[in-house]
Amino acid sequence: MKKTLFIHIGRPKAGSSAIQHFLWMNKALLLEQGCYYPEAGQRHRASHGLSSTLLPKFSGENKFANLSAKSLYRQLIEEIDEQETADRVVISTENFYFVDPRKVKQFLKEKFNVKIICYVRNQADVLMSSYVQELKEDKLQDDNIANYIQDSTRLRLIDYHANLERWARVFGRENIIVRPYEQGQFEGSDIFRDISHVIGVHVSDEFAIPSLKVNPSPASDVLELIKLLNVMSDSRFVVTQLIRPLLDASEYLPKEDRYDSKRLLTTAQHESINRQFSESNEKVAREFLGRDDGMLFYETCKPEDAVEITKEFTLERFVAVAAKLFLSQQEDIATMRTRLDVQRDKIEALSDLLAQHSGVATEALENIESRSVKDADEPTEEVASGFGSRFRRWFS
C-alpha cells in the first residue's frame, strides 16, 4: 500500500516557518503516531533542498550544491522506505509554491498518495508582511509601499485560485488541502494544531510548541530607522549587524496601535486589494473548501480598525531603542572577547608544544651532526653539517 505524502507548499508569509519549527521539534512524537518528517533536503528545519533543486534559478549554494534533483529525491524515497512504522510523511517548504508542480510529480506521484497543503492569507496582510520582510533584508529598490502593492509580479503570486489550479491540474483537485491563515479558522485555534489535524496527528501535552517569534515585525518608527540604514550604508554586513538588534529592541517597546507596522496600509488600500481578489478568493472558497457562501476570509480590515500610523520617534522610544542597541553591542563585544581569550589560550598552548618539539628536534639534529663529524670524511661532513644547520634554523 502506498504511503500518504503531505507536501506543505506554503504559501510564503503564512506561518510556514512556525510550522517547520513545530514539525522539527516534535519529530519523535510524530513518528510515534505514524507520521514521519524526513531529513532529506533539510535546511533550516525545512525541506528547502527539495524545492531549490527544482527551481530554474537554483545557484547551487548551501549543502545541496553537488546534488541533482534526481539524486536528492532518490535519497528522500530511500529514507521514507526505511521508516516501516510510518504510513504518512510530511515535507515542508514554502518555496514549493514557486515550483512547477509537474517537476514534483515526476519524482513522487507514482510512489505515494500525494496531498498538497497550502495555507492562504488575506492578500493585503501578505503584501504588508512581505514589504516589511524585504525592507529588513534590504531587498527593495523602491521603499514606497504604495508602489510595492501595485507590482504586477507580486500580485500574480497572491492570485490564489490561479496558483492552486496549477497544482490541481497535476495532482487532482481532490488532493489539494486549502487552509485559510486566520486564527478563527484554525483547528484548535492555533496553526500547530491545525497542521497536525490535517496530517492526522493528535497534539498531546508532550508536544513542544515553538515559543520564538520567527519573523518579528518592527514598530513603524523602528521600520523608518531601518529604511535610513539601508539608504545611508553601502555595507550589507553593517546593515545586517544592526537590523537584528533593532528588531530585538522593537520587541521591548510598548505596544501601541499607532506604531503597529501591520497597519501600514490605509483602509482604502485594504479595500482596494480585497476587491481586486474577491473573485479569485470566492472561487477558492467554493471549489476547494466547498463553501456555498464563497467566503475565504472572515477577518478583514474594518473602518473602525483604522489607526493613523506614526513614523516619528518620541524621545522616550528613541532612548529605549538606543539603550537596547548599546546593550546588545556590549554583549556582542563581551562574546567576542571571550572567544578571543579562548583562541589566545589555544595559540599559546600550541606555541609551547611547538617549542618543546623544536628543542627535541634541535637536540637530535646536533647529535646527528656530531656523529657525522666523527664518522664521515670531509665532503660528507659538510653535507651533514649544512643539513643540520638548515633544520636548526627551521626549528629555532
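Residues numbered from 1 in each chain as written. Predicted model: local features only at pLDDT ≥ 70, side-chain atom pairs only at ≥ 80, totals over all residues. Heavy atoms only, no water.

### So, the overall build of the protein
- A count of helical and extended segments in the protein gives 16 helices and 5 strands.
- Looking at the 396 residues of the protein, the share that counts as buried comes to 45%.
- Across the protein, the fraction of contacts at a sequence separation of at least 24, relative to all contacts at a separation of at least 6, is 77%.
- Surface summary for the protein: the accessible area is close to 21,900 Å², and the carbon and sulfur share equals 51%. (Helix = DSSP H or I, 4+ residues; strand = E, 2+ residues; numbered from the N terminus. Buried < 20%, exposed > 50% of the residue type's maximum accessible area, 1.4 Å probe, protein only. Contact = heavy atoms within 4.5 Å. Areas by Shrake-Rupley, 256 points an atom, 1.4 Å probe, with all protein chains shown as cover.)

### Some words on the packing of aromatic side chains
- Taken as a whole and assessed by the stated rule, the structure comprises 8 aromatic pairs.
- On the basis of an interplanar angle of 65° and a centroid distance of 6.5 Å, the ring pair of Tyr119 and Phe186 is categorised as edge-to-face. With Tyr119 in strand 4 (residues 113-120) and Phe186 in the loop between strand 5 (176-180) and helix 10 (191-198), this residue pair connects regions lying 67 residues apart in the sequence.
- Given a relative accessible area of 0%, Tyr119 falls into the buried group. (Phe/Tyr/Trp six-rings, centres within 6.5 Å; stacked < 30°, edge-to-face > 60°.)

### Some remarks on the nonpolar core
- Counting 58 residues, the largest nonpolar core has Ile7, Phe96, Val104, Tyr131 and Tyr160 as the members making the most contacts within it.
- Here this core gets 7 residues from one element, more than from any other, and that element is helix 6 (residues 123-136).
- For Ile7, the contacting residues outside a window of four places in its chain are Ile91, Phe96, Val104, Leu108, Val114, Lys115, Ile116 and Ile117.
- Core analysis: the second largest hydrophobic core is formed by 22 residues, Phe22, Leu29, Leu30 and Cys35 among them. (Core = buried A, V, L, I, M, F, W, Y, C linked by side-chain atoms within 4.5 Å.)

### As for the sheet that holds strand 5
- Spatial strand order, 2-3-1-4-5: 5 strands in an open sheet with parallel pairing. The sheet is open, and its two edges are formed by strand 2 (35-36) and strand 5, each paired on a single side. (Pairing = 2+ DSSP bridges.)

### With respect to the pattern of salt bridges
- Counted according to the given criterion, the structure contains 13 salt bridges.
- For the salt bridge of Arg88 with Asp87, the shortest nitrogen-to-oxygen distance reads 2.9 Å.
- Asp100 is paired through a salt bridge with Arg102; the nearest N and O atoms lie 2.8 Å apart.
- On the basis of relative accessibility, which here comes to 23%, the residue Asp100 falls in the partly exposed class.
- By sharing partners, the salt bridges in this structure join Glu134, Asp151 and Arg154 into a single network. (Salt bridge = Lys/Arg side-chain N within 4 Å of Asp/Glu carboxyl O.)

### Quick notes on the packing of helix 5 (residues 101-108) against helix 9 (residues 160-171)
- Contact pair helix 5 / helix 9: the axes reach a minimum separation of 9 Å and the direction vectors enclose 30°. Taken together, the axes of helix 5 and helix 9 are roughly parallel relative to one another. In this structure, helix 5 crosses over helix 9, and the sense of that crossing is right-handed. Along the contact surface, helix 5 presents Pro101, Arg102, Val104 and Lys105, while helix 9 presents Arg166, Trp167, Val170 and Phe171.
- The residue inventory of the contact of helix 5 with helix 9, partitioned by class, reads 5 nonpolar, no polar and 3 charged. (Axes fitted to C-alpha atoms, helices over the stretch in contact; angles between N-to-C directions. Parallel < 35°, antiparallel > 145°, perpendicular 65-115°, else oblique. Left-handed = near helix turned anticlockwise from the far one by under 90°. Nonpolar A, V, L, I, M, F, W, Y, C, P; charged D, E, K, R; others polar.)

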